[in-house]
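The chain contents come next:
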Amino acid sequence: METEEAVLALAALAQSTRLEAFRTLVRHEPDGLAAGDLARLLEVPQNTLSAHLSILTRARLVTSERRSRSIVYRANLAEFRDVAVFLLRDCCGGRPEVCEPVVETLQACCKPRRRERSRA
């Protein structure tokens, strides 16, 4: 990832409505949300949300897909991962113990849920 791409992504997230839209879309992965549903959840007028989603789309943090009469938006987690890696790539200066707490925190919040065994 180039610096310009990272700046574009970070600038897109540096506004409260866009940040909440992105976080909400992350919570609704992998199915995504229709634009109208996202607007209702965020309590934002649809035209305002449309402008915010355009900015997130230009930053490649959000993708969209037409489904019938709706446009469904999804968080582009691969792009977000690239931004996070860009920010952390050189953080430890060859000393991984410096970044270890960050990595541990990310792993703790993203642990896969255990499936319960069916009892037969």
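Not measured: the values here are computed from a predicted model. (Residues numbered from 1 in each chain as written. Predicted model: local features only at pLDDT ≥ 70, side-chain atom pairs only at ≥ 80, totals over all residues. Heavy atoms only, no water.)

So, the pairing of strand E2 (residues 62-67)
Thinking step 1. Strand direction decides the pairing type here: E2 and strand E3 (residues 70-75), joined by six bridges, are antiparallel. For Ser 64, the partnering residue across the bridge sits in E3 and is Tyr 73.
Thinking step 2. Between E2 and E3, which follow one another and run antiparallel, lie two residues, and Ser 68 among them has a positive phi close to 60°. (Pairing = 2+ DSSP bridges. Helix = DSSP H or I, 4+ residues; strand = E, 2+ residues; numbered from the N terminus.)

With respect to the nonpolar core
Thinking step 1. Judged by nonpolar contacts, the single largest core of 19 residues is most densely connected at Leu 25, Leu 38, Leu 49, Leu 53, Leu 56, Leu 61 and Val 62.
Thinking step 2. Contributions of two or more residues to this core are made by helix H1 (3-13), helix H2 (16-27), helix H3 (35-42), helix H4 (46-58) and E3.
Thinking step 3. Not counting residues up to four positions away in its chain, the partners in contact with Leu 49 are Ala 21, Ala 35, Leu 38, Ala 39, Leu 42 and Val 44. (Core = buried A, V, L, I, M, F, W, Y, C linked by side-chain atoms within 4.5 Å. Buried < 20%, exposed > 50% of the residue type's maximum accessible area, 1.4 Å probe, protein only. Contact = heavy atoms within 4.5 Å.)

Regarding the packing of H2 against H4
Thinking step 1. Relative to each other, H2 and H4 sit at 75°, their axes nearing to 10 Å. Taken as axis vectors, H2 and H4 run roughly perpendicular relative to one another. In contact with Thr 17, Arg 18, Ala 21, Phe 22 and Leu 25 of H2, H4 contributes Leu 49, His 52, Leu 53, Ile 55 and Leu 56.
Thinking step 2. Across the contact of H2 with H4, the residue classes tally to seven nonpolar, two polar and one charged. (Axes fitted to C-alpha atoms, helices over the stretch in contact; angles between N-to-C directions. Parallel < 35°, antiparallel > 145°, perpendicular 65-115°, else oblique. Nonpolar A, V, L, I, M, F, W, Y, C, P; charged D, E, K, R; others polar.)

Regarding the packing of H2 against H3
Thinking step 1. Put simply, H2 and H3 touch, their axes get as near as 11 Å, and they point 120° apart. Like other packed secondary-structure pairs, H2 and H3 cross with a definite hand, here right-handed. Along its contact with H2, which presents Thr 17, Glu 20, Ala 21, Thr 24 and Leu 25, the element H3 presents Leu 38, Leu 41 and Leu 42.
Thinking step 2. Looking at the contact of H2 with H3 residue by residue, the class counts come to five nonpolar, two polar and one charged. (Left-handed = near helix turned anticlockwise from the far one by under 90°.)

Let's talk about the pattern of salt bridges
Thinking step 1. In this structure the tally under the stated criterion is seven salt bridges.
Thinking step 2. Note that Arg 23 and Glu 20 form a salt bridge whose closest N and O atoms lie 3.2 Å from each other. Placement of the pair is Arg 23 and Glu 20 together in helix H2, with a separation of three residues, close to one helical turn.
Thinking step 3. According to the relative accessible area criterion, Glu 20 is partly exposed, its value standing at 32%.
Thinking step 4. In this structure, Arg 40 and Asp 37 form a salt bridge, with 2.5 Å as the shortest nitrogen-oxygen distance. Here Arg 40 and its partner Asp 37 are both found in helix H3, three residues apart, which amounts to about one turn of the helix.
Thinking step 5. Note on Arg 40: relative accessible area 55%, which makes it exposed. (Salt bridge = Lys/Arg side-chain N within 4 Å of Asp/Glu carboxyl O.)

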